[in-house]
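Report on the structure
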Amino acid sequence: METDKKKFYPGPIITAAVWAVRGILIGALLNILYEFFVIFRFMDVIYLQWPLSIITGLAVSAVVTFVLFTYVVVDSEAVEIRKIGRKKILNISDFDFHTYSLTKENSEMKALIIKVFLYVKNDEVNKAFRLRCFSQKSADKIVNEINILKAEATEFEQKARIQKESFMGEKFVSVPKQLIKKAEKKRIILIIEIYTVLLAFFLFTIYTDNGTMRAYLALAVMGFMLFIWIPHYIFKFRKNTKRCPEEIYFFDNHLIVGEENFNIDEIETLLIISAECRSSSIFPVQRYIKIKSVGSKYIFWLGTESSMNDNDYQKIIRLLKEAFINSPDKLKIIGTFLN
């Protein structure tokens, strides 16, 4: 039976920016090669000379962009990752799908997303597919669409079983709040020690008259981090611990997070960070649940990627998927968001 297919394309602004930056870099490299050829009298290739080298670089970049162009097609049965002349088909029922991004910073600061992946896994396969020129938001839309289709494909009997089990109080996850607080305190102390040592080193360098402009600049950065950013980070940590629930469970048509009781029918959206989201800096990804219900917004903190066990976090995500089995469009599992 023919099913409707939904196509997801990379963002035109990101694609244009990548094309332009790559073209300028290639053009600059071609101009360097031209100067090299002229010096050693190998050849005089006019299209390597500035400014024609930039035009040549942009043309080469256009070809590269066309060859690497990637888009995703989703229907009720499969996910297709398509490139020019190539196609990878993945059955929705056989895999779990997540987004994964590499960042220069972390979710506490302005995140610079440099690579976005569609992460696919089951008991035998564990693989990431690069989604070139996709934003994190666009990739999250793909996974949310897959989750909705999965939920819609779930047999009525299975949905009824999940609903029945919820009456028996079996859908329960405990959040290790005290362990999270302890791990976060240790990490904050470690960060303070690192910046204190670096600050002392640059102060010593300047005191011994060996300081350079770079040393003064580094000193200013270390001072800012130690006396402004870290106090802000500690204040935010204390604020987060107050909104960290000790348990999450659902029964009948209610989702209970800590002391808050939500009727699932009244929840407009529930956002949670994907378990696969990682930071490349010393500041790990903060894990939150954000709920919008009856015009009000609620934020719950679940520690970070380093302070909460991934298995416990996956249990929470599985519980939420079951809680929203009849309204999967309300549940958004996303790569990252700024608080």
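Summarised in this report is the structure supplied together with it. In this text the structure is predicted, and so the values were computed from the model without any measurement.

Turning next to the sheet that holds strand β9 (residues 247-251). Here four strands make up an open sheet; going across it, the order is β8-β9-β10-β11 and the pairing antiparallel. Looking at which strands have only one partner, the edges of the open sheet turn out to be β8 (172-174) and β11 (260-263). Within this sheet the neighbouring strands show an average axis-to-axis angle of 15°, counted without direction. Both β8 and β9 contribute to a ladder of three bridges, which runs antiparallel. Note that in β9 the partner of Ser174 across the bridge is Glu247.

Turning our eyes to something else, we now look at the packing of aromatic side chains. This model, assessed by the stated rule, comprises six aromatic pairs. Judged by centre distance (4.9 Å) and plane angle (80°), the ring pair of Phe262 and Tyr298 falls under edge-to-face. Of this pair, Phe262 sits in strand β11 while Tyr298 sits in strand β14 (residues 296-304); the two residues are 36 residues apart in sequence, bridging distant segments of the chain. On the basis of an interplanar angle of 90° and a centroid distance of 6.2 Å, the ring pair of Phe262 and Phe300 is categorised as edge-to-face.

Another point: the environment of Lys6. Tracing the chain through its elements places Lys6 in strand β1 (residues 6-8). The exposure class assigned to Lys6 is partly exposed, which follows from its relative accessible area of 41%. Placed 66 residues apart in sequence, Lys6 and Val72 show a C-alpha to C-alpha distance of 8.3 Å. Apart from the residues lying within four places of it in its own chain, the contact partners of Lys6 are Val72, Val73, Val74 and Glu145.

A contiguous nonpolar surface patch, about 370 Å² in accessible area, is contributed by Val63, Phe66, Val67 and Ile84. Secondary-structure assignment places Ile84 in the loop between β3 (78-83) and β4 (86-91). Of the residues examined, Ile84 reaches a relative accessible area of 41% and is grouped as partly exposed.

Among the six residues that make up β3, five are buried, leaving the element largely enclosed by the rest of the structure. Two elements, strand β2 (residues 70-74) and β3, share five bridges in a ladder whose sense is antiparallel. Bridge pairing in β3 links Val73 to Glu80. Remark: three residues form the turn of the hairpin made by β2 and β3, two consecutive strands paired antiparallel. With six bridges joining them, β3 and β4 adopt antiparallel strand pairing.

Opposite charge on two side chains permits pairing when their charged atoms draw close. This structure, assessed with the given rule, holds six salt bridges. The partner of Arg187 in a salt bridge is Glu184, and the shortest N-O contact between them spans 2.5 Å. Placement of both Arg187 and Glu184 in helix α5 (residues 177-207) is noted, with a separation of three residues, approximately one turn of the helix. Here Arg187 and Glu184 have matching classes, each one buried. The network of salt bridges with shared partners includes Lys5, Glu80 and Arg82.

Rules used throughout
- Residue positions are counted from 1 within each chain, in the order its sequence is given.
- Totals for whole chains, interfaces and linings use every residue, but because this is a predicted model, local features are given only for residues with pLDDT of at least 70 and side-chain atom pairs only at 80 or more, for both listing and counting.
- Think of the side-chain values as coming from all heavy atoms in the structure, minus any hydrogens and water.
- Pairing between strands requires that DSSP locate at least two bridges from one strand to the other.
- Under the DSSP-based scheme used, a helix requires at least four consecutive residues in state H or I and a strand at least two consecutive residues in state E, with every element numbered from the N terminus.
- All axes are obtained by fitting lines to C-alpha atoms, using only the stretch in contact for helices, and the reported angles, taken between N-to-C directions, cover 0 to 180 degrees.
- To pair, rings of Phe, Tyr and Trp, with the six-membered ring standing in for Trp, must have centres within 6.5 Å; the planes then decide the type, stacked if under 30 degrees apart, edge-to-face if over 60, and tilted in the middle.
- Think of it in three bands: residues with accessible area under 20% of the maximum for their type are buried, residues over 50% are exposed, and the middle band is partly exposed, with areas taken using a 1.4 Å probe on protein chains only.
- Contacts were defined at the residue level, with two residues in contact if any of their heavy atoms lie within 4.5 Å.
- Patches were defined on residues exceeding 30% relative accessible area and lacking a salt bridge, with like-charge contacts within 9 Å and nonpolar side-chain contacts (Val, Leu, Ile, Met, Phe, Trp, Tyr) within 5 Å.
- Here the open area of atoms and residues is found with the Shrake-Rupley method and a 1.4 Å probe, where only the protein chains shown may cover a residue.
- The salt bridge criterion pairs a side-chain nitrogen of Lys or Arg with a carboxyl oxygen of Asp or Glu, the two atoms within 4 Å.

All quantities given are derived from atomic positions and should not be read as evidence of function.
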